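# Structural features, examined
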Amino acid sequence: MTSTRPKSKKTGKILKTIKGKKANWEMFTYIRKGTTYYGNRLVSKNGWIVCTNDGFISKNACLLNIKKVKTLA
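A brief structural summary. (Residues numbered from 1 in each chain as written. Predicted model: local features only at pLDDT ≥ 70, side-chain atom pairs only at ≥ 80, totals over all residues. Heavy atoms only, no water.)

## Things to note about the nonpolar core
To keep things clear, this is the line we draw: For our purposes a nonpolar core is just a set of buried Ala, Val, Leu, Ile, Met, Phe, Trp, Tyr and Cys residues, chained together by side-chain atoms within 4.5 Å. For each residue, the accessible area found with a 1.4 Å probe, counting protein chains only, is set against the maximum for its type, and the residue is called buried under 20%, exposed over 50%, and partly exposed in between. Only heavy atoms matter for contacts: two residues are in contact if any of them lie within 4.5 Å across the pair.
In terms of nonpolar packing, the biggest core is built from five residues, these being A23, W25, L42, C51 and I66. Apart from the residues lying within four places of it in its own chain, the contact partners of L42 are A23, N24, W25, W48, I49, V50 and C51.

Structure follows, in structure tokens:
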């Protein structure tokens, strides 16, 4: 897994930010071909995007993914 440059454009509109120990989770929404999708990304304190997951149809599925990734890490 590689990190994305800190100056890269963060797509979508941020709905919720969840604080972590060393990074923050951002839940965001975006529209593709007329359909609204949700995604999440882990952003470190220095602004680097560590991990990104997108393509969720509901907010609940997006939040569930954050919980699962936290337990695996």
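## Re the sheet that holds strand β2 (residues 23-32)
Here is the rule we go by: In this scheme, strands are said to pair when DSSP sees at least two bridges between them. Runs of E in the DSSP output that reach at least two residues are strands. Runs of H or I that reach at least four are helices, and both are numbered from the N terminus. Helix axes are fitted to C-alpha atoms over the stretch in contact, other axes to C-alpha atoms as well, and angles between N-to-C directions run from 0 to 180 degrees.
Spatial ordering of the open sheet is given by β1-β2-β3-β4, a layout of four strands whose pairing is antiparallel. Edge positions in the sheet fall to β1 (13-19) and β4 (49-56), since each of these pairs with one other strand and no more. Pairwise comparison of adjacent strand axes, ignoring direction, gives a mean angle of 20 degrees for this sheet.

## What about helix α1 (residues 59-72)?
Under the convention used in this document: How far a helix is expected to stretch is found by multiplying one less than its residue total by 1.5 Å. As used here, the arc is the angular range of directions from the helix axis to the C-beta atoms.
Its 14 residues give α1 an end-to-end C-alpha distance of 20 Å, which sits within 8% of 20 Å, the value for a rise of 1.5 Å per residue. Along α1, the residues that are buried comprise C62, N65 and I66. Each buried residue of α1 sits inside an arc of 100 degrees when the element is viewed along its axis, so together they form one side. Seen from the open side of α1, the exposed residues pointing more than 90 degrees away from its buried face are N60, K67, K68 and T71. On its buried side, α1 packs onto β1, β2, β3 (35-44) and β4.

## Comments concerning the environment of G12
For G12, the location among the structural elements is in the segment before β1. Taking relative accessible area as the criterion, G12 reaches 45% and is therefore assigned partly exposed. Through-space distance from the C-alpha of G12 to that of Y30 is 4.6 Å; in sequence the pair is 18 residues apart.

## What about the pairing of β2?
Counting buried residues along β2, eight of its 10 residues qualify, which places the element largely inside the surrounding structure. Relative to β2, β1 runs antiparallel, the two being bridged by six bridges. Residue pairing for β2: I18 is matched across the bridge by W25. Here β1 hands over to β2 after three residues, the two strands then running antiparallel side by side. With 10 bridges joining them, β2 and β3 adopt antiparallel strand pairing. The residue of β3 that forms the bridge with T29 is Y38.

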